[in-house]
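# What the coordinates show
Now for the letters of each chain:
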Amino acid sequence: MAAKSGVALVADPSPEAAGKKKKYYRKNVEFFKLLEKIKLWPSRSGMLHGIKSIKITGDIAEVVTHCDEKFIVWNSRTSRAARWLRNKWCVCACKKCKIPAWKLEKYTSTMMTQKWGSNL
Ligand SMILES: [Zn+2]
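As a starting point, this report considers the structure included with it. Every residue gets a number counted from 1 within its own chain, in the order that chain's sequence is written. For this predicted model, a pLDDT threshold of at least 70 governs which residues receive local features, and a threshold of 80 or more governs which side-chain atom pairs are given and counted, while totals over whole chains, interfaces and linings are taken from all residues.

Here a helix means four or more residues in a row that DSSP labels H or I, a strand means two or more in a row labelled E, and each is numbered from the N terminus. Within the protein one finds four helices and five strands. The order of helices and strands in the protein, counted from the N terminus, is α-α-β-β-β-β-α-β-α. Residues with at least 20 other C-beta atoms within 10 Å of their own are called buried, those with 12 or fewer are called exposed, and the rest are partly exposed. The C-beta atoms themselves are positioned from the backbone. The buried share among the 120 residues of the protein stands at 18%. Distance between backbone-placed C-beta atoms decides contact: two residues are in contact if it is within 7 Å. Partitioning the contacts of the protein with sequence separation of at least 6, the portion at a separation of at least 24 is 46%.

Take the nonpolar core next. Connectivity within a nonpolar core runs through C-beta atoms within 7 Å, and the core itself is a set of buried Ala, Val, Leu, Ile, Met, Phe, Trp, Tyr and Cys residues. Residues F32, L35, L40, W41, L48 and A61 are the most contacted members of the largest nonpolar core, which totals 13 residues. Of all the secondary-structure elements, those providing two or more residues to this core are helix 2 (22–38), strand 1 (40–42), strand 2 (47–57) and strand 3 (60–65). At three residues, helix 2 tops the list of elements feeding residues into this core.

To continue, consider the pairing of strand 3. Residues A61, V63 and T65 point to one face of strand 3 and are all buried, whereas I60, E62 and V64, pointing to the other face, are not buried. DSSP bridges decide pairing: two strands pair if at least two such bridges lie between them. Relative to strand 3, strand 2 is paired through six bridges, and the arrangement is antiparallel. Its bridge partner lying in strand 3, S53 is registered against V64. As paired elements, strand 3 and strand 4 (residues 70–74) share five bridges and run antiparallel to each other. Note on strand 4: the bridge partner recorded for I60 is W74.

A word on the environment of M47. Looking at the element boundaries, M47 is found in strand 2. C-alpha of M47 to C-alpha of C90: the two residues are 43 residues apart in sequence and 5.7 Å apart in space. Residues within four places of M47 in sequence aside, it is in contact with C90, C92 and C94.

On to the environment of S76, then. Tracing the sequence through the fold places S76 in the loop between strand 4 and helix 3 (80–87). In contact with S76, other than residues within four places in its own chain, are F31 and A82.

This part covers the environment of W74. Here W74 lies in strand 4. Taking the C-alpha atoms as reference, W74 lies 9.5 Å from F31; in sequence the two are 43 residues apart. If we ignore the near neighbours within four places in the chain, the residues touching W74 are D59, I60 and S79.

Walk down a regular strand and you will see the side chains alternate between the two sheet faces. By the bridge criterion, three bridges tie strand 1 to strand 2 in an arrangement that is antiparallel. Residue pairing for strand 2: W41 is matched across the bridge by H49. Connecting strand 1 to the antiparallel partner strand 2 that follows it, the hairpin turn spans four residues, and G46 within it adopts a positive phi of roughly 90 degrees. Alignment of strand 2 against strand 5 (residues 92–93), held across two bridges, turns out to be parallel. Considered in strand 5, the bridge of M47 is made with C92. With antiparallel pairing between neighbouring strands as the criterion, strand 2 and strand 3 make up a hairpin whose turn holds two residues, including G58 at a positive phi of roughly 60 degrees.

Below, the structure written as structure tokens:
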């Protein structure tokens, strides 16, 4: 019952949160949901990291990468990371995170673009 503390995974929102401010929650959740789904995080340097865990609280999320970096992400569809993920501006994958090839492939093929993938 992780949903009780208010720290809930997107996949399992508490009934109160969903009912009380559903619209707000849903709107906020999109970017995080994307992160949770693809489990990839683009760093400032253009490196893709694998997400080990993501803990969402309201409109912030605590992300831990496989290379043990921990940081707070503010939910924003217009944030750098959101744009990077959508546009696939990431140049390489973090070696420490050991992102499996299939995951990268899935990422490149799922999301629309010509930019990434063509140069691989
Ligand atoms: Zn990494």
